[in-house]
Amino acid sequence: MVRRVFSSFILALVLLFLVVSSAWAIANPTNTNIGDSFVFRNVLVSGDQLFFVRYNINYGSVPSESATIAFQMAIYDTDGVTLLFVRPVNYYLENIISIYLTPAQALTWNATYLVRIQGSPALFPVLTEGINRATVTLNAGNYREGGDLGEVMIAQATILQEDWGLTILTAADLLNATGATYFIKAVPGLNTMVPDIFQTTSYTYPEPSKVGNQTYINQTLLHVGPNLTNAIVGVAAIFGASEGGAGFWMACIGGMLLGGIVYAATKRPDWSVAFVVVGLGVIGLAGVGTQTFIAFLWVVLALGVLFGLLWIGRNLPF
Amino acid sequence: MVGVPGDLGKSLTVDPKMVKEIAASPQMRSEQGSGFMEQYGGPTQYVEMAGMSPEARQVYYSVQAGASTPEEVGVKTGLSLGVVNSTIALLERRGLISRTTVTRESGLEY
């Protein structure tokens, strides 16, 4: 019984191993090579770098697994061992890919870094140069200024158009929709870097963002004295209202008080109303709560309607 | 009757994934014109053949080019008769070619 259980366990382990192995296995390509490699600088912003490669992962029978999980572009340090940057490729066979480095990530210009197209270590336990790995050691000839980018891209497109047997350039040597699709997949942001090489494209214009602040709004609060501020805060606390609301009601009460005083002294309701309006305006400008402005406007509006109705009533013929 | 690529399909020019993407996009498809992957028998045929071995493609396209016996396929492709026959059997099973006539001298015609 024990032997049978043990045998079943071993068999299950072997089967599991076989299943797992086959799931992660992928056939080697016939060969892998790099056709061209370039490094450009100052392509999008000052100090950035773009590592570009035209490669060929040559399969006689294209695997069903996506190239994105199977192969990658990698930049190694000059020692050839330290992996610096890596990005999956998009397609098998002849194609292009790139790695963009921000100014903060940028590497030493003209240095002898290694650029590789290689199988993913997860799928290819052994990487063999020429079979599932291709390496180029960069030299000064590979390094170009950003101003050359458009011209080099069109040259690369001309090669690919011939090799692919597809139409990716217009008669005027601009990338058509097909060319644009695959070049932007390989070089994200290429349409912003060199918009002139595209037949039609849209790109992001780098506009510095505007930062808003409350400097002006806070200016009104600066006019409020500490005692008045304390009074507003205190009233707000008593009634459980916001400070703006408390300021508003205090302004209204102050306005009515002012109107009453003026009326008592002059017996002129029009003067009284005028002082209320002006008084609210002054209080609002003094910054007693932003809602005081709203109260002021409401009073002006209400008075406008009231006097308008009075005028209409007096001037009607009946 | 499909077209025939220059090297009888021994090598592939472009990832079949790209061909599928172009075929699915009206704008990219129109840019390629009516001759898009015509030599391979169209985009669908290209995608199907890209998953097969170079030998299978060579045999298939040599038949398309007019080879009517295993010997003629062998001459056109440079493959041994054994490889040709096994590949023909494979293509038959996949329904890509079929027997049409039996001749006394050379065997099978396709």
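Up top you'll find the structure we're talking about.
Every residue gets a number counted from 1 within its own chain, in the order that chain's sequence is written. In the order they appear in the text, chains get letters beginning with A and ligands get numbers beginning with 1. Confidence filtering applies because this is a predicted model: local features only for residues at pLDDT of at least 70, side-chain atom pairs given and counted only at 80 or more, and all residues used for totals across whole chains, interfaces and linings.

Describing the overall build of chain A
Now for step 1: Scanning chain A for helices and strands turns up 10 helices and eight strands.
Now for step 2: Counting other C-beta atoms within 10 Å of each residue's C-beta, where C-beta atoms are placed from the backbone, gives the exposure class: buried for 20 or more, exposed for 12 or fewer, partly exposed between. Expressed as a percentage of the 318 residues in chain A, the buried residues total 27%.
Now for step 3: Long-range contacts, defined here as pairs at least 24 residues apart, represent 58% of the contacts in chain A between residues at least 6 apart. The numbering of helices and of strands both runs from the N terminus, where a helix is a DSSP run of H or I of at least 4 residues and a strand a run of E of at least 2. Note that contacts rest on C-beta atoms placed from the backbone: two residues are in contact if these are within 7 Å.

Side note on the interface of chain B and chain A
When the parts of a complex come together, some accessible area is lost, and that lost area is often used as the size of the interface.
Now for step 1: Between chain B and chain A, the contact holds 17 residues from the first and 19 residues from the second.
Now for step 2: Residue assignment for the side of chain B that touches chain A shows that the elements contributing at least two residues are α1 (16-24) and α2 (26-32) of chain B.
Now for step 3: Each residue gets one label: Ala, Val, Leu, Ile, Met, Phe, Trp, Tyr, Cys and Pro are nonpolar, Asp, Glu, Lys and Arg are charged, and the others, such as Gly, are polar. Looking at the side of chain B that touches chain A residue by residue, the class counts come to nine nonpolar, five polar and three charged.

Thoughts on the nonpolar core
All names here are of chain A.
Now for step 1: If you look at the biggest cluster of nonpolar residues, it comprises 74 residues, and the most contacted ones within it are Val53, Ile57, Ile117 and Phe183.
Now for step 2: If one sorts the elements of this core by residue count, strand β2 (residues 49-58) sits on top with six residues.
Now for step 3: Not counting chain neighbours up to four residues away, the residues in contact with Phe183 comprise Met153, Ala157, Leu175 and Leu190.
Now for step 4: What we call a nonpolar core is a set of buried Ala, Val, Leu, Ile, Met, Phe, Trp, Tyr and Cys residues whose membership is set by joining through C-beta atoms within 7 Å. Among the nonpolar cores identified, the runner-up in size contains five residues, and Phe248, Ala251, Val276 and Leu280 belong to it.

Regarding the sheet that holds strand β5 (residues 93-101) of chain A
Strand pairs in the sheet, formed through backbone hydrogen bonds, run parallel or antiparallel to each other.
All names here are of chain A.
Now for step 1: Pairing is mixed in the open sheet, where four strands are placed in the order β5-β2-β1-β8. The open sheet is flanked by β5 and β8 (143-145), the only strands paired with a single partner. The average undirected angle you get between the axes of adjacent strands in this sheet is 25 degrees.
Now for step 2: Pairing of β2 with β5, which is carried by nine bridges, proceeds in the antiparallel orientation. Note on β5: the bridge partner recorded for Phe52 is Ser98. Note: two strands are recorded as paired if DSSP finds a minimum of 2 bridges between them. Orientation is described by axes fitted as lines to C-alpha atoms, over the contacting stretch for helices, and by angles from 0 to 180 degrees between their N-to-C directions.

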